[in-house]
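Here is how the chains run, residue by residue.
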Amino acid sequence: MTKSKINHQPVRPLLSICIPTRNRAELLRLQLVSLGQQIRGLENDIEIIVSDNASDDNTPHVVEEARRYIPICYHRNDHDIGFVRNFCAVVDQYARGEYCWIIGDDDMVIKGKIPKIVSVLHTNYDLDYVFVNHFLKSIEQRNRLIQAHDSVYQPTLDECRCLDLSERRLSRWEELLDIPSHAPSIIFTGIVGHVFRRSTWVANVDPTEVCGPLFTSLATTFPHIKILATAMIGKPVYYLGDPCVLLATGSQDWIDYLPAIKVIRIGEAVDLFERLGVGAQRIRLLRFSYLQLCMPAIPLLLFDPQLPGRELFSLRNFVWRHRLHPTVLLKLSISILRVAILWKILLPVKESLSQRLPKTVYQSMYLLAKKVLRLLRFF
């Protein structure tokens, strides 16, 4: 059961900007400040929807304040229905636009890019999907860009997810995999990269798949990959290489799951593409990219007993599944050996420090070390 407050809009919008959120009021406030400055004059084309998954902070107040200067459709769940269900509900139940664009409460659309996306949708109304190039910045940098620079930024090429800044129609969705990028196996992971026709999403979502606990399947980790790949493979799409949106890092509370997500769920995404008919050559390139991505993550799953999701990983099954890539497996073996030696050295140090230092000091040092290692390994 949800409670809804909707600013009346007589014309069906072209695009619904959908923002699922829970207990991140300050991040959401900055998001709405940024968007509010950008959609003026586009109210007939754009609606903003906030789906609040029963936040117990001041999220309702933040939205009410923002509604003074920007029309917002606000939906608040009576109880926590889970991240993925809330994520899907904002499209399935609340959006009214022909197209939907889901963005995180911690992301940032670059000033001036929303009119460009609206123009692309008007010009290519026959297409069901637009891929939007994006780039990564820390959450601190994102906040500063909104507060001090009015959401204005020109990312470098090296910061961008895809390295082709042109734009064009593609005859098939899977041709997006041919576009140069730092890691082809993860170009679809960021939800901010997908603008899609709402009816296409609704026709391909399976409500039973998104009801499970978070990260227990591909559908509860990257529901957009499962839904959009199923819907779009073999169909024409539009590629917008201009980096339009900042994908923030460092604000995710699920960061400990990242090794398992990389090794298990990204692998499942590649398998899904193969089952849906993506060509053998593209699959080979995707699988090589995926194996490179796994290199630093697998040793962590093997040796860090505190990592969530490690119980789902089997090294034997992984090696057998990828036995046709002996060079990568050899590099992986060397990496595992190095980490095993390092772990044997550091574990006694960790135990010694935990015994000698005051508990609060040790915990602070341990958390700081983990944060530094996360940044070095994953970002």
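Numbers given to residues run from 1 along each chain, matching the order in which its sequence is written. Per-residue local features of the predicted model are confined to residues with pLDDT of at least 70, and side-chain atom pairs are confined, for both listing and counting, to 80 or more; whole-chain, interface and lining totals are unaffected and use all residues. The basis for every side-chain value is the complete set of non-hydrogen atoms in the structure, without hydrogens or water.

**Q** Even after reading the chapter, I still don't get the overall build of the protein, so can you show me in this structure?
**A** Put simply, DSSP H or I for four residues or longer makes a helix, DSSP E for two residues or longer makes a strand, and each gets a number counted from the N terminus. When helices and strands are counted, the protein shows 13 helices and 10 strands. Buried residues are those whose accessible area, probed at 1.4 Å on protein chains only, stays under 20% of the maximum for their type, while exposed residues exceed 50% and partly exposed ones sit between those limits. Counting all 379 residues of the protein, 52% fall into the buried class. Only the protein chains shown count as cover for residues, with accessible areas throughout obtained via the Shrake-Rupley method and a probe of 1.4 Å. With the model as given, the accessible surface of the protein reaches about 17,800 Å², and the carbon-plus-sulfur share is 58%.

**Q** Even after reading the chapter, I still don't get the pattern of salt bridges, so can you show me in this structure?
**A** Opposite charge on two side chains permits them to pair, given that their charged atoms come into close proximity. A pair is scored as a salt bridge if a Lys or Arg side-chain nitrogen falls within 4 Å of a carboxyl oxygen belonging to Asp or Glu. Summed over the entire model, instances satisfying the criterion amount to 26 salt bridges. The closest approach of N and O atoms between R282 and D178, which form a salt bridge, is 2.7 Å. Placement of R282 in helix α9 (residues 280–294) and of D178 in the loop between β8 (167–170) and β9 (194–197) is noted, with a sequence separation of 104 residues between them. The exposure class assigned to R282 is partly exposed, which follows from its relative accessible area of 23%.

**Q** For this particular structure, what's the right way to read the state of the cysteines?
**A** A covalent bond bridging the sulfur atoms of two cysteines is what the word disulfide describes. Defined by distance alone, a disulfide is two cysteine sulfur atoms within 2.5 Å. All chains considered together, the criterion is met by 0 disulfides. Just so you know, C73 is unpaired, no disulfide at all, and the nearest cysteine sulfur is the one on C18, 9.4 Å from it. Look at C73 and you get buried, because its relative accessible area is 4%. C162 carries a free sulfur, and the closest cysteine sulfur to it, the one in C160, is 8.7 Å from it.

**Q** Would you mind going over unusual backbone geometry with me for this structure?
**A** Peptide bonds are mostly trans, and most non-glycine residues show a negative phi. Despite not being glycine, S151 shows a phi value in the positive range, around 65 degrees. One can find S151 in the loop between α5 (139–149) and β8. By relative accessible area, which is 1% here, S151 ends up buried. Its identity is not glycine, yet F215 carries a phi of approximately 75 degrees, on the positive side. When you line up the elements, F215 lands in the loop between α6 (198–204) and α7 (223–232). Owing to a relative accessible area of 11%, F215 belongs among the buried residues under this scheme.

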